[in-house]
Amino acid sequence: RLRSAELAGASPGTTHARSADVLRWLGKNSDALEALENAVRAEPDSAEANTAFQDVWWQMGGHAECVAAYRRMLDETKDSGPLTFYLGRAQVGRADELRRTGSFEDARRAYADAVLTWLRYDGMRPGDHALAAHWTAICQLSIARVALEEGDLLRAENEYLAAFQT
């Protein structure tokens, strides 16, 4: 049991995240993921809950499952800015994993999907334009890196130039 004094006044997201820590220490990763998903649902804008949720999925090699979880939550809640942000972050993590494993075409598609998410986020949150542009540029630079790793120098150059115009 967590000491109640540590959680006194803690947000629901923090409470779920702390419970997930204990579950992970006990080797109960699926229960930890459930607790973290509850944390994200309770506080979709909690960086702590979302980062922990993504970290557990990624440590388990569940990059695609993480993206699917955010899509499911977005389908249930509709246009949530915070969930859209973290979906974009999860998509970039998935694309990075595909690139690392040499699945270049899948990585390119995953980065392109992430770009669409960041553009949607930009439309939802105009005040966060610089943040959305930053993530969009990261995706475009990553697409350029994929092209470079494949030996397509012309495509890599075009993608790099596009990233700097974001």
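Located above this text is the structure these notes cover.
What this report covers is the structure whose coordinates are included nearby. (Residues numbered from 1 in each chain as written. Predicted model: local features only at pLDDT ≥ 70, side-chain atom pairs only at ≥ 80, totals over all residues. Heavy atoms only, no water.)

Looking at the nonpolar core
For soluble globular proteins, the rule of thumb is that nonpolar side chains tend to be buried together. Ranked by internal contacts, the top residues of the largest apolar core, which has 31 residues, are Val40, Phe53, Tyr70 and Trp118. For this core, the secondary-structure elements that each account for two or more residues are helix 2 (12-25), helix 3 (29-42), helix 4 (47-59), helix 5 (63-77), helix 6 (81-100), helix 7 (104-124) and helix 8 (129-150). Grouped together as the second largest cluster of nonpolar side chains are 7 residues, Leu98, Ala107, Tyr111 and Ile143 included. (Core = buried A, V, L, I, M, F, W, Y, C linked by side-chain atoms within 4.5 Å. Buried < 20%, exposed > 50% of the residue type's maximum accessible area, 1.4 Å probe, protein only. Helix = DSSP H or I, 4+ residues; strand = E, 2+ residues; numbered from the N terminus.)

Here's the deal with helix 6
Note on helix geometry: an α-helix contains 3.6 residues per turn, so any two residues three or four positions apart are oriented the same way. Its 20 residues give helix 6 an end-to-end C-alpha distance of 29 Å, which sits within 8% of 28 Å, the value for a rise of 1.5 Å per residue. The N-cap residue of helix 6 is Ser80: its side-chain oxygen and the backbone nitrogen of Leu83 are 3.3 Å apart. (Expected span 1.5 Å × (residues − 1). Polar contact = N/O pair within 3.5 Å; in protein donor to acceptor, adjacent residues only side chain to side chain.)

Points about the side chain of Thr84
Among the secondary structure elements, Thr84 is positioned in helix 6. Engagement of the side chain of Thr84 in a polar contact is seen with the backbone oxygen of Ser80, the distance being 2.8 Å. Look past the residues within four positions of Thr84 in its chain and what remains in contact with it is Leu74, Thr117, Arg120, Tyr121 and Met124. (Contact = heavy atoms within 4.5 Å.)

Some thoughts on the packing of aromatic side chains
Considering all chains together, one arrives at 8 aromatic pairs under this definition. Taking the centre distance of 5.2 Å and the plane angle of 80° together, the rings of Phe85 and Trp118 count as edge-to-face. Of this pair, Phe85 sits in helix 6 while Trp118 sits in helix 7, and the two are 33 residues apart along the sequence. Taken individually, Phe85 and Trp118 each receive the classification buried, so the pair is uniform in this respect. (Phe/Tyr/Trp six-rings, centres within 6.5 Å; stacked < 30°, edge-to-face > 60°.)

As for the side chain of Arg89
Checked against the element boundaries, Arg89 lands in helix 6. The side chain of Arg89 is buried and forms no salt bridge, while Asp55, the nearest opposite charge, is found at 5.0 Å. Arg89 has contacts with Thr51, Gln54, Trp58, Trp118 and Trp135, leaving out every residue within four places of it along the chain. (Lys, Arg positive; Asp, Glu negative; His and termini not counted. Salt bridge = Lys/Arg side-chain N within 4 Å of Asp/Glu carboxyl O.)

Details of the environment of Trp135
For Trp135, the location among the structural elements is in helix 8. On the basis of relative accessible area, Trp135 is assigned to the buried category, the value being 16%. For the pair Trp135 and Val146, spaced 11 residues apart in sequence, the C-alpha to C-alpha distance is 16 Å. Here Trp135 is in contact with Phe85, Arg89, Val92 and Trp118, once residues within four sequence places are set aside.

Focus on the pattern of salt bridges
All chains considered together, the criterion is met by 10 salt bridges. In this structure, Arg109 engages Asp106 in a salt bridge whose closest nitrogen and oxygen atoms are separated by 2.3 Å. Here Arg109 pairs with Asp106, and both are found in helix 7, just 3 residues apart, close to one helical turn. Looking at Asp106, the relative accessible area reads 35%, which means it is partly exposed. When salt bridges with common partners are traced through the structure, they connect Glu105, Asp106, Arg108, Arg109 and Glu150 into a single cluster.

Thoughts on the packing of helix 6 against helix 7
Taken N-terminus to C-terminus, the directions of helix 6 and helix 7 make an angle of 165°; their axes are 8 Å apart at the nearest point. One way to sum up the angle between helix 6 and helix 7 is to call them roughly antiparallel. Seen from above, helix 6 lies across helix 7 with left-handed handedness. Along the contact surface, helix 6 presents Gly81, Thr84, Phe85, Leu87, Gly88, Arg89, Gln91, Val92, Ala95, Asp96, Leu98 and Arg99, while helix 7 presents Phe104, Asp106, Ala107, Ala110, Tyr111, Asp113, Ala114, Thr117, Trp118, Arg120, Tyr121 and Met124. The residue makeup of the contact of helix 6 with helix 7, split by class, is 13 nonpolar, 5 polar and 6 charged. (Axes fitted to C-alpha atoms, helices over the stretch in contact; angles between N-to-C directions. Parallel < 35°, antiparallel > 145°, perpendicular 65-115°, else oblique. Left-handed = near helix turned anticlockwise from the far one by under 90°. Nonpolar A, V, L, I, M, F, W, Y, C, P; charged D, E, K, R; others polar.)

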